[in-house]
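Here's the letter readout for the chains.
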Amino acid sequence: MEGGSVPGAETMTCGRSDGKHASERGANPQVFQLNPAMGKENSPPRDSKSIGFGTCGGGAATGCRKGRKALVPWRFQIGYKRTWSSSQGLSPIINNGSDGPPGTRGSSKFEDGSRQCAPATARKRSRVQFSAAAQVQTGSASSSVPKEKKITPKNRVSITRESVMASLHEFRVIYKTLLEEEKNKRREQEDGTAHDDLGAFQVFRERFCVEHGDKRYEGSLPGVQVGDVFDSNKELFLVGLHRSQESCVDYIKKGRACLAVSIVSYVQHSALNHNLDFLLHVGSTAATADQKMEGTDMALKRSMDNKTQVRVIYRSMAHLGEHSRSEGDTYYVYGGLYLVEKFCREKITEDQFVNTFHLRRMPGQPHINIQELVKKRMAEPPSNGTFVVDISAGLENIPISAINSVSNEYPMPFSYISHMQYPINYQLEPPSGCDCVGGCLNSPKCACAVKNGGKIPFSKNGRTFGEKPLVYECGPSCKCPPTCHNRVSQRGIKFRLQVFKTKSMGWGVRTLDFIPNGSFVCEYTGELVKDEDAEKTENDEYLFNIGHNYYNVSRWDNLLKTIPSLRSGPQEGEVNDIAVDALKSGNFARFINHSCSGNLFSQNVLYDHDNKSMPHIALFADVDIPPLQPLSYDYNYTIDGVRDPQGCAIYR
Ligand SMILES: C[S@@+](CC[C@H](N)C(=O)[O-])C[C@H]1O[C@@H](n2cnc3c(N)ncnc32)[C@H](O)[C@@H]1O
């Protein structure tokens, strides 16, 4: 610890979380339970006789895909070093390839953890149909998703403030859960040495934080106001006020020099008397009067020479009280911008000098009373919110968290399956494969390229070239390696995605990573059901009508002719009355909401069987999607649906 302005300041070392995924994939469906008491009520396997389809619940059914054992993804194993910042470049993990026995490869029961659980969304008795390969391209910008506030110079400040406060609130909701988990883990390991807060923060930064970098900023920060109170130095990091977790002085590099940008200081006597005008910062000690100055002292000296602004954050120890919420009851209050006006090297003993810096608060900033602000923060009731670290309970490559920062509800229970659930009596026939031992090329020798009309439908980095009536990926019978660039949707998710509670549309899904246009995002999984059975379902909100109108000439035009299997029209036995029902069993894709101008499109994909009536429904990015953007696609809502003049579904 350099300098002396923060006695006993918290430190942040590289705490390692064991990062283990909530559970391992196993032969039996896993039970994700926040509240064990909720365990039994919600998992009756569907009666296979009455509807002619079965589930894999019992595991013995023929034709039912079941029990592929898979490893915990390596990136969540102990000792994994994060590479989130380059997550788009990560080689996708092959743990759900198509070379196993047909069956549900894993399922987990996702259950709500709260008895006050309410319906995910107001149930509408109208039929929602999503349709792959049948989306109406309206080209219209209209959407039933509430439009984002338009940013004008006038409201920019309030929008930025809102978003900083929202991030802070979400952090608090997430951090509370992670801290609790760390504490439990530590209790189990009976290890009293490690800091739970460091572990929790490390997990947060790796898995749930949108900004990965440690970028430092100079001067005031948009959205952060003088007098803002923070519960920990992790929150200072989050909003960017002070990013060093080890030192009380933070700095940036400017050219070859370092300039101080922030100081965390204990509340000095004068400040207790509400006078924040002056701050004395005690730096390092020196052995001689002319010893070269280094580190953060040098950065402060340079700030003085260059007259650059330094943010000062006051660290206040509060008394333990009923409402105290931060560990050690330490609060941090943003005091405003200061200038370093003077530097002294004072002799303190015969052979010891100390560097001191005099900082003066810049005029025109609001007057604040630190004690009052801390008292107010302590009196605030705990804020609403729930957080689930991974609703997939380890079934996805990357945990799928669920956050509700609006209320205290958890998502409604459902059985989590990461792969499509086929009818009980349905035998998947493996397709013929290619012989490209070294990987597939766009050549007449690659049988899979031929099936796709002579070209592999993905670029070398796994992005599509656009929507097609049908895409053939390489499959279990192919001789190409798992890294073949014609295996995309079967590899599972590669971006950090999050289920979140929206203000007006129930739950939705958003991305925490940047998703480049054309990237595979996820599959829409569920039980494959016949339309006639789907009609009988009580709740049709999660029905995805495959509706593979492959032969819609006006829609596909010349593309249709390029796919040999579609050229000669429907084959005998081909049916088009199948839907995916994700009501009882599904994955997080069931939470993706509708928009006419959605940022995803659905794509029919075949790889582990050749039945065109039951393609996988893969969702790909239609545009570049920035972090925190909600995911959406056009449901192509038809029955009972009200449409706007552009033909887009309107939700009432
Ligand atoms: C597949 S679910 C999507 C997830 C859902 N929001 C939830 O909380 O479970 C479809 C339902 O979400 C709601 N929804 C989807 N898109 C919407 C939109 N653009 N506006 C309003 N509600 C929407 C409707 O209630 C619809 O029946």
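Conventions we followed
- Residues numbered from 1 in each chain as written.
- Predicted model: local features only at pLDDT ≥ 70, side-chain atom pairs only at ≥ 80, totals over all residues.
- Helix = DSSP H or I, 4+ residues; strand = E, 2+ residues; numbered from the N terminus.
- Buried ≥ 20, exposed ≤ 12 C-beta atoms within 10 Å, placed from the backbone.
- Contact = placed C-beta atoms within 7 Å.
- Arc of directions from axis to C-beta.
- Pairing = 2+ DSSP bridges.
- Axes fitted to C-alpha atoms, helices over the stretch in contact; angles between N-to-C directions.
- Parallel < 35°, antiparallel > 145°, perpendicular 65-115°, else oblique.
- Left-handed = near helix turned anticlockwise from the far one by under 90°.
- Nonpolar A, V, L, I, M, F, W, Y, C, P; charged D, E, K, R; others polar.
- Expected span 1.5 Å × (residues − 1).
- pLDDT = per-residue confidence, 0-100.
- Core = buried A, V, L, I, M, F, W, Y, C linked by C-beta atoms within 7 Å.
- Domains from an automatic or database assignment.

## Section: the overall build of the protein
Thinking step 1. When helices and strands are tallied, the protein shows twelve helices and 27 strands.
Thinking step 2. Relative to its 652 residues, the protein shows a buried fraction of 43%.
Thinking step 3. Taking all contacts inside the protein whose residues are at least 6 apart in sequence as the whole, residues at least 24 apart take part in 77%.

## Some words on helix H7 (residues 370–379)
In an α-helix, one full turn covers 3.6 residues, which means residues spaced three or four apart are oriented alike.
Thinking step 1. Along H7, the positions that sit buried rather than exposed are Ile370, Val374, Arg377 and Met378. Around the axis of H7, the buried residues are gathered within 100° of arc, so they sit on the same side. Summarising the geometry of H7, the exposed residues directed more than 90 degrees from the buried face are Glu372, Lys376 and Ala379.

## Points about the sheet that holds strand S17 (residues 520–523)
Thinking step 1. Read from one edge of the open sheet, four strands run S14-S23-S24-S17, paired in mixed fashion. Each edge of the sheet is formed by a strand with only one pairing partner; in this case those strands are strand S14 (471–472) and S17.
Thinking step 2. Two elements, S14 and strand S23 (residues 600–606), share two bridges in a ladder whose sense is parallel. Within S23, the position partnered with Tyr472 by the bridge is Leu606.

## Focus: the packing of helix H2 (residues 156–189) against helix H3 (residues 196–208)
Thinking step 1. Closest axis-to-axis distance for the H2/H3 pair is 8 Å, and the angle between their directions is 125°. When the interaxial angle is binned, H2 and H3 end up oblique. Where H2 crosses over H3, the handedness of that crossing is right-handed. Residues Ile174, Tyr175, Leu178, Leu179, Glu182, Lys183 and Arg186 of H2 form the contact with H3, whose own contacting residues are Asp196, Asp197, Gly199, Ala200, Val203, Phe204 and Phe208.
Thinking step 2. In terms of residue class, the contact of H2 with H3 is built from eight nonpolar, one polar and five charged.

## Brief notes about the environment of Ser244
Thinking step 1. In this fold, Ser244 is placed in the loop between helix H4 (233–239) and strand S5 (249–254).
Thinking step 2. In the structure, Ser244 is positioned 328 residues away from Glu572 in sequence and 67 Å away in space, judged by C-alpha atoms.

## Some thoughts on H3
Thinking step 1. With 13 residues, H3 should reach 18 Å at 1.5 Å per residue; the first-to-last C-alpha distance of 17 Å fits that figure.
Thinking step 2. Within H3, the full set of buried residues consists of Asp197, Leu198, Gly199, Ala200, Phe201, Gln202, Val203, Arg207 and Phe208.
Thinking step 3. Where H3 is buried, its residues touch H2, H4 and strand S12 (401–404).

## Things to note about the sheet that holds strand S11 (residues 386–388)
Thinking step 1. Read across the open sheet, the four strands follow the order S11-S12-S15-S16; overall the sheet is mixed. Of all strands in the sheet, those with a lone pairing partner are S11 and strand S16 (507–511), marking the two edges. With direction set aside, neighbouring strand axes in the sheet form an average angle of 20°.
Thinking step 2. Note that S12 and strand S15 (residues 497–501) share three bridges and pair parallel. Each residue of the ladder has a partner; that of Ile403, found in S15, is Phe500.

## Regarding the confidence of the model for the protein
Thinking step 1. The pLDDT averaged across the protein works out to 76; a share of 71% of its residues lies at or above 70.
Thinking step 2. Taken as a whole, residues 1–106 scores under 50 in pLDDT and shows 230 contacts with residues more than four places along the chain or in a different chain.
Thinking step 3. Scored below 50 in pLDDT, residues 111–146 makes 109 contacts in the model with residues more than four places away or belonging to other chains.
Thinking step 4. Scored as a complex, the prediction yields pTM 0.77 and ipTM 0.99.

## Digging into unusual backbone geometry
Thinking step 1. The residue Lys307 is not glycine, and still its phi comes out positive at about 55°.
Thinking step 2. One can find Lys307 in the loop between helix H6 (295–306) and strand S8 (310–317).
Thinking step 3. Among the residues examined, Lys307 registers 9 C-beta atoms within 10 Å and is labelled exposed.
Thinking step 4. Positive phi is not limited to glycine here, since Leu628 has a value of about 75°.
Thinking step 5. Residue placement: Leu628 occurs in the loop between strand S24 (616–621) and strand S25 (632–633).
Thinking step 6. Owing to 16 C-beta atoms within 10 Å, Leu628 belongs among the partly exposed residues under this scheme.

## Topic: the environment of Ala589
Thinking step 1. Checked against the element boundaries, Ala589 lands in the loop between strand S21 (585–586) and strand S22 (593–594).
Thinking step 2. Judged by the 28 C-beta atoms lying within 10 Å of it, Ala589 is buried.
Thinking step 3. For the pair Ala589 and Val499, spaced 90 residues apart in the sequence, the C-alpha separation amounts to 9.1 Å.
Thinking step 4. The residues contacting Ala589, other than those within four sequence positions of it, are Cys522, Glu523, Tyr524, Thr525 and Leu619.

## Section: the nonpolar core
Thinking step 1. Residues Ala260, Ile313, Val333, Cys440, Val521 and Leu619 are the most contacted members of the largest nonpolar core, which totals 118 residues.
Thinking step 2. When residues of this core are assigned to domains, at least three map to each of domain 1 (213–379) and domain 2 (415–650).
Thinking step 3. Not counting the four nearest positions on each side in its chain, Val521 is found in contact with Phe495, Ile515, Leu600, Leu619, Phe620, Ala621 and Leu631.

## So, the environment of Gln490
Thinking step 1. Tracing the backbone through its elements, the reader meets Gln490 in the loop between S14 and S15.
Thinking step 2. By the C-beta count within 10 Å, which is 25 here, Gln490 ends up buried.
Thinking step 3. Separated by 292 residues in the primary sequence, Gln490 and Leu198 place their C-alpha atoms 36 Å from one another.

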